Amino acid sequence: MTNDTKSPSTSDPTNEFADVNKSTPFIGRPQSGKTQARSSADTDPYLEAAKLIRRVRSLRVDAMPPHLFGEASWDILLSLYIAHREQYRLTIMSVCNEAGVPLTTALRWLQQLVDEGLAIRRSNPLDRRTVHVELSADAIATMDQLMENVLKYNTSL
C-alpha cells in the first residue's frame, strides 16, 4: 500500500475519476486557545492512530506474500477516515490509490459500504464527471470510537 495518490490518466478524455481534491477542504475546527499553528499530527491523535494502523498493515504486506491479506473494505474505510480527519475529499479512483485496491474491488466494496450506510457518494457540483466518496456520520463516530480504543490500548502497553 502507498500513501501517494496518482494523477488520473490524461489519455482518457472521458476520465470520470479525478485525483484527490485537496483544494476543497472541509471546514476545520478551531484550535482550542493555541496561538501557534501545529501540524495535524500534533492536534489529532485519532488521525495518527489511523495512520499507524495503515502503516502496520503496509508493513505486513511488505514482509509476507500480499495474497495472504484481503481486507479491502477495511483499507477503504481507513483511507476515507484519514481523508476525513485531514479534511480533504476522495474520488473513487483516489480511494483505490490510497487503499491500494483494484478499481473493480473498490467499486464492489464501496457499493457494500454505501448499502450498509457507512459511506456516501456525492456528485461534484463543479464537475459532474467526478464523484466524491466520504464516510457517513455514523461511520465517522464508529471510527472515532475505534481510534479512541486503540489509543487507550496503546497507553496500557
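Remember, predicted model here, so these are calculated numbers, not experimental data. (Residues numbered from 1 in each chain as written. Predicted model: local features only at pLDDT ≥ 70, side-chain atom pairs only at ≥ 80, totals over all residues. Heavy atoms only, no water.)

Engineer: Sorry if this is basic, but what is going on with the overall build of the protein here?
Structural biologist: Summing up its helical and strand segments, the protein has six helices and three strands in all. Of the contacts made within the protein by residues no fewer than 6 positions apart, 61% connect residues no fewer than 24 positions apart. Counting every atom, the protein has about 9600 Å² of accessible surface; 54% of that belongs to carbon and sulfur. (Helix = DSSP H or I, 4+ residues; strand = E, 2+ residues; numbered from the N terminus. Contact = heavy atoms within 4.5 Å. Areas by Shrake-Rupley, 256 points an atom, 1.4 Å probe, with all protein chains shown as cover.)

Engineer: It is not clear to me how the sheet that holds strand β1 (residues 90-91) should be interpreted in this structure. Could you clarify?
Structural biologist: Spatially, β1-β3-β2 is the arrangement adopted by the three strands of the open sheet, whose pairing is antiparallel. The sheet terminates laterally at β1 and β2 (119-124), the two strands that pair on one side only. Here six bridges tie β2 to strand β3 (residues 127-135), and the two strands are oriented antiparallel to one another. Considered in β3, the bridge of A119 is made with L135. (Pairing = 2+ DSSP bridges.)

Engineer: Please clarify how the pairing of β3 should be interpreted in this entry.
Structural biologist: Remark: a regular strand shows side chains that alternate across the two faces of the sheet. As paired strands, β1 and β3 are joined by two bridges and run antiparallel to one another. When the bridges of β3 are listed, L90 appears paired with V133. Linking β2 to β3, which pair antiparallel, is a turn of two residues.

Engineer: Just checking my understanding: could you explain helix α5 (residues 103-115) for this structure?
Structural biologist: Note: α-helices contain 3.6 residues per turn, so residues at a spacing of three or four share the same orientation. If you check α5, its first and last C-alpha atoms are 18 Å apart, about what 13 residues at 1.5 Å a residue would give, namely 18 Å. Where α5 is concerned, the buried positions are T105, A106, L110 and L113. The buried residues of α5 all sit within an arc of 125° when viewed along its axis, so they share a single face. Residues of α5 that are exposed and angled more than 90 degrees away from the buried face: T104, R108 and D115. Buried residues along α5 sit in contact with α3 (72-86), α4 (92-99), β2 and β3. Once α5 ends, the next one or two residues include G117, with phi positive near 80°. (Expected span 1.5 Å × (residues − 1). Buried < 20%, exposed > 50% of the residue type's maximum accessible area, 1.4 Å probe, protein only. Arc of directions from axis to C-beta.)

Engineer: Would you mind going over the pattern of salt bridges with me for this structure?
Structural biologist: Opposite charge on two side chains makes pairing possible when the charged atoms of those side chains draw close. Summed over the entire model, instances satisfying the criterion amount to 10 salt bridges. Here R85 and D44 are joined by a salt bridge, their closest N and O atoms 2.8 Å apart. Taken together, the residues span a long stretch of sequence, with R85 in helix α3 and D44 in the loop between α1 (40-43) and α2 (45-63) at a distance of 41 residues. Overall, R85 belongs to the buried group, its relative accessible area being 14%. According to the relative accessible area criterion, D44 is buried, its value standing at 3%. For the salt bridge of E86 with K51, the shortest nitrogen-to-oxygen distance reads 2.5 Å. Taken together, the residues span a long stretch of sequence, with E86 in helix α3 and K51 in helix α2 at a distance of 35 residues. According to the relative accessible area criterion, E86 is partly exposed, its value standing at 27%. Residue class for K51 comes out partly exposed when judged on its relative accessible area of 29%. (Salt bridge = Lys/Arg side-chain N within 4 Å of Asp/Glu carboxyl O.)

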